[in-house]
Amino acid sequence: MKNIVLIGFMGTGKSTVGRRLATRLGREFVDTDEEIERVTGKTIPQLFARDGEIRFRSEEALVVKKVAARQNLVVATGGGVVLNPESVRILRENGVFIGLTADPEVIYQRVKRKRNRPLLNGPGDTLDRIRELLAARQEAYAVADFTVDTGRHDLEEVVEMIVEYLK
Ligand code: S3P
């Protein structure tokens, strides 16, 4: 069976929805950020701080390659995975893309207390940064086969909408 690949911006709920969806469908759950941390032995902020975004992206591409070679998974991708055309290509070969979205204000509320997202923790206003990045990435997230707004439905509804779509 094809993988179910959750894509979308930071704070749209990919990991939370992915875990619940995997339980609901009796599938294994893989989170690419967690895999990167496991493989490198470093946290995402440490990777960005010590080695920079480019190094992070190459670790991410390696993890995606391994995940894309497997089957039957629910995969929560990091928000930047879809920026890499080769990653999109290999995930697509063996997967269906479920896009999660949320309004910038909703994302801001979800991420503001956490310090685990280097791309949002830089100088300047975080909400502005979210808006800017979302706009820049809109096209990349449009590869989704089916999209759910997680700001307008609760977790169980989101999971059921995805299950229905997959039927
Ligand atoms: C990133 C999203 C993060 C993580 C890294 C970069 C991005 O994952 O991979 O901080 O470029 O959007 P989440 O989407 O799980 O927060």
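The numbering scheme is per chain: residues are counted from 1 as the chain's sequence reads. At least 70 in pLDDT is required for a residue's local features to be given in this predicted model, at least 80 for side-chain atom pairs to be given and counted, and no such filter applies to totals for whole chains, interfaces and linings, which use all residues.

## Side note on the UniProt feature "binding site: ATP" (unreviewed entry) in the chain
For step 1, the next point in the chain: Feature annotation in UniProt places "binding site: ATP" (unreviewed entry) on G11, T12, G13, K14, S15, T16 and R117, given in this structure's numbering.
For step 2, the next point in the chain: Per the convention used, a helix needs a DSSP run of H or I reaching at least four residues, while a strand needs a run of E reaching at least two, with both numbered from the N terminus. Locating T16 in the fold gives a position in helix α1 (residues 14-25).
For step 3, the next point in the chain: The burial criterion counts other C-beta atoms lying within 10 Å of a residue's C-beta, which is placed from the backbone; the residue is buried at 20 or more, exposed at 12 or fewer, and partly exposed between these limits. Judged by the 17 C-beta atoms lying within 10 Å of it, R117 falls in the partly exposed class.
For step 4, the next point in the chain: Each residue is represented by a C-beta atom placed from its backbone, and any two residues with such atoms within 7 Å are regarded as in contact. Setting aside residues no more than four positions away along its own chain, R117 makes contact with M10 and V111. UniProt positions are given in the numbering used here, feature names are shortened, and annotations may be inferred rather than shown by experiment.

## Considerations on the UniProt feature "binding site: substrate" (unreviewed entry) in the chain
For step 1, the next point in the chain: Look at the UniProt record and you will see "binding site: substrate" (unreviewed entry) annotated at D33, R57, G79 and R137.
For step 2, the next point in the chain: Classification of R57 by C-beta neighbours within 10 Å gives partly exposed; the count is 17.
For step 3, the next point in the chain: Relative to the elements of secondary structure, G79 occurs in the loop between β3 (73-76) and α4 (85-93).

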